[in-house]
Amino acid sequence: MDFKVRPASFRSGTVTVPGDKSISHRALMLGSVATGRTEVSGFLAGEDCLATAAAMRALGVRIEQLSATDLVIDGVGRDGLRAPPGPLDLGNSGTAMRLMAGLLAGQPFDSVLTGDASLSGRPMNRIIRPLTKMGAVIESDCDGTPPLQIRGGLQLKGIHYDMPVASAQVKSAVLLAGLYAGGETSVTEPAVTRDHTERMLGAMGVEVAVDGGTISMVGGQELRGNRIPIPGDLSSATFIILGTLLSQDAEIKIENVGVNPTRTGVIDILKAMGADIRLENTRIFGEEPVADIRVRASRLTGCDVDPALVSLAIDEFPALFVAAAAAEGETCFSGLEELRVKESDRIAAMADGLRRLGIAVDEAPDGATVRGGDFRGGVVDSYHDHRVAMALA
Ligand code: S3P
């Protein structure tokens, strides 16, 4: 698909954004293996989550979509999944593949996970390694990429895993496998990552202990179906925030956005650049904190982005590169090596896109320095990556 974008600006208004993608995936997976019904509202019916829904249906779960955003999942219980009739195609979604691998590693049947060209090039050893330590048998292509062939009928055992990379997908894969493992499973993360899995497990009656950076749980616990209201996705709100900041005199309120502190790095980084962003009406929505986000057009200034915020803003760097391009002075990004293995190599994709629009970018292995300047028109490539497309648009 090619599309053309012309300059425009935001004025004022109140908007909402679609439901959180990470929480939507987890609602489908956990609701499926819970006992009883799970009612989900605010679901994101995007292709990634629909791939997870199709996979859960292929595993024998009845999921009824009542409207674009409301679902009812008839949970089959922890041990109720059935062998799928064929490979499970998870499309473009790394979250779906890595979490499903954890969920399926301890099932009594074999399964195969496949994906599109982008997903088929993404690293899976990060989950294969800990799951293998738990007793799983998972085969990938020789370079550790999908498809994944997961052998069933194995009894997993709990392990402690010190995660070498800060990744909520790895943490969640190990915890989901831990539901089916004997004894205690624990993970220590090197930096805080999104904790939606832990929160949702807790809400479904699973005892999960969190002690600093270590999350632990005992296998064999049952999940109880629940109501899961899903907040708006801060990662999607980021594009509205950015558009508002860069429009003259604009003021926009974005209602009911998830502001889980494991996700709000983008707000801290933009504020450090001079953005006028306020959280109003902060409250708890299900298991997740939400707020209305009020943004006013602001003059941004470049800064050295604190690497400690990277795991809290991991999906927002394409948008932050654009903020940096529109800021006065230089912005230096570091600690971003994980961006090279997302849906595209996001450092390279954004450096290429911004340069084509007249912005100077010096790329480094783990980040980039972006010099603020004036955009000119041009032809850019999204590298088939939704966040790159949105940021450049
Ligand atoms: C996600 C975790 C992050 C993020 C992805 C969604 C999740 O990936 O980039 O978009 O839902 O757990 P990593 O855990 O690999 O950093």
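Analysis parameters
Residues numbered from 1 in each chain as written. Predicted model: local features only at pLDDT ≥ 70, side-chain atom pairs only at ≥ 80, totals over all residues. Heavy atoms only, no water. Helix = DSSP H or I, 4+ residues; strand = E, 2+ residues; numbered from the N terminus. Rg over C-alpha atoms; globule rule 2.2 N^0.38 Å. Buried < 20%, exposed > 50% of the residue type's maximum accessible area, 1.4 Å probe, protein only. Contact = heavy atoms within 4.5 Å. Areas by Shrake-Rupley, 256 points an atom, 1.4 Å probe, with all protein chains shown as cover. Lys, Arg positive; Asp, Glu negative; His and termini not counted. Charge placed at Lys NZ, Arg CZ, Asp CG, Glu CD. Core = buried A, V, L, I, M, F, W, Y, C linked by side-chain atoms within 4.5 Å. Pairing = 2+ DSSP bridges. Axes fitted to C-alpha atoms, helices over the stretch in contact; angles between N-to-C directions. Parallel < 35°, antiparallel > 145°, perpendicular 65-115°, else oblique. Nonpolar A, V, L, I, M, F, W, Y, C, P; charged D, E, K, R; others polar. Patch = residues over 30% accessible without salt bridge, like charges linked within 9 Å, V, L, I, M, F, W, Y side chains within 5 Å. Salt bridge = Lys/Arg side-chain N within 4 Å of Asp/Glu carboxyl O.

Novice: Help me get a handle on the overall build of the protein, residues and values and all.
Specialist: Looking only at helices and strands, the protein has 11 helices and 21 strands in total. Taking 21 Å as the expected radius of gyration for a compact globule of 393 residues, we find that the protein reaches 21 Å, a close match to that expectation. Here the protein, with 393 residues, has 53% of them falling under the buried criterion. The long-range share in the protein, meaning contacts at least 24 apart out of those at least 6 apart in sequence, stands at 73%. Carbon and sulfur atoms form 50% of the exposed surface of the protein, whose accessible area is close to 15,900 Å². Positive and negative side-chain charges in the protein, numbering 38 and 50 respectively, have mean positions lying 2 Å apart.

Novice: Residues and numbers for the nonpolar core, please.
Specialist: One finds Met-56, Met-100, Leu-103, Leu-113, Leu-148 and Leu-223 to be the most contacted residues of the largest nonpolar core, which totals 65 residues. Of all the elements, helix 3 (residues 94-104) adds the most residues to this core, at seven residues. If we ignore the near neighbours within four places in the chain, the residues touching Leu-223 are Leu-30, Val-33, Ala-34, Thr-35, Leu-179, Leu-201, Met-204 and Val-206. In terms of nonpolar packing, the next biggest core, distinct from the first, is built from 54 residues, Ile-241, Ile-314, Ala-349 and Ala-368 among them.

Novice: Explain the environment of Asp-304 to me, using residue names and the numbers behind them.
Specialist: Here Asp-304 is to be found in the loop between strand 18 (288-296) and helix 9 (317-326). In this structure Asp-304 comes out as exposed when scored by relative accessible area, which is 64%. Each C-alpha atom, one on Asp-304 and one on Asn-256, is 30 Å from the other, the two residues being 48 residues apart in sequence.

Novice: With reference to specific residues and values, describe the sheet that holds strand 16 (residues 251-258).
Specialist: Read across the sheet, four strands follow the order 1-16-18-17 without closing on themselves; strand pairing throughout is mixed. Looking at strand neighbours, the two that pair on one side only are strand 1 (12-15) and strand 17 (276-285), the edges of this open sheet. Averaged over all pairs of adjacent strands, the angle between strand axes in this sheet comes to 15°, irrespective of strand direction. Of the strand pairs in this sheet, strand 16 and strand 18 are connected by six bridges, and their pairing is antiparallel. Note on strand 18: the bridge partner recorded for Glu-251 is Arg-296.

Novice: Outline the sheet that holds strand 6 (residues 111-114), listing residues and values.
Specialist: The four strands lie next to each other as 5-6-8-7, forming an open sheet whose pairing is mixed. Edge positions in the sheet fall to strand 5 (88-89) and strand 7 (138-139), since each of these pairs with one other strand and no more. Summarising the sheet, strand 5 and strand 6 pair through two bridges and their orientation is parallel. Across the sheet, residue Leu-88 finds its bridge partner in strand 6, namely Leu-113.

Novice: Residue-level account of the packing of helix 1 (residues 21-32) against helix 2 (residues 47-58), with values.
Specialist: Between helix 1 and helix 2, whose axes approach to 9 Å, the crossing angle comes to 5°. Here helix 1 lies roughly parallel to helix 2, going by the angle between them. Of the residues in helix 2, those touching helix 1 at Lys-21, Ser-24, His-25, Leu-28, Met-29 and Ser-32 are Asp-48, Cys-49, Thr-52, Ala-53 and Met-56. By residue class, the composition of the contact of helix 1 with helix 2 is five nonpolar, four polar and two charged.

Novice: Explain the side chain of Thr-52 to me, and be specific about the residues and the numbers.
Specialist: Locating Thr-52 in the fold gives a position in helix 2. For Thr-52, the residues in contact, after removing those within four places along its chain, are His-25, Leu-28, Met-29 and Ala-96.

Novice: Which residues make up the pairing of strand 17, and what values go with them?
Specialist: Here is the key point about a regular strand: its side chains alternate between the two faces of the sheet. Pairing analysis gives eight bridges linking strand 17 to strand 18, with the strands arranged antiparallel. Each residue of the ladder has a partner; that of Arg-278, found in strand 18, is Arg-294. Adjacent in sequence and paired antiparallel, strand 17 and strand 18 are bridged by two residues, among which Gly-286 carries a positive phi angle near 65°.

Novice: Outline a nonpolar patch on the surface, supporting the account with residue identities and numerical values.
Specialist: Residues Met-1, Phe-3 and Val-5 make up a contiguous nonpolar surface patch of about 420 Å² in total accessible area. Within the secondary structure layout, Val-5 lies in the segment before strand 1.

Novice: Tell me what's going on with unusual backbone geometry, and back it up with residues and numbers.
Specialist: Look at the link from Pro-146 to Pro-147: it is a cis peptide, with omega at 0°. As for its position among the elements, Pro-147 is in the loop between strand 7 and strand 8 (148-150). Phi at Tyr-383 is positive, roughly 50°, even though this residue is not glycine. Looking at the element boundaries, Tyr-383 is found in the loop between strand 21 (367-371) and helix 11 (386-392). Classification of Tyr-383 as partly exposed rests on a relative accessible area of 36%. A positive phi angle, near 60°, is found at His-384, a position not held by glycine. Summarising the element assignment, His-384 is placed in the loop between strand 21 and helix 11. His-384 sits in the exposed class, given a relative accessible area of 74%.

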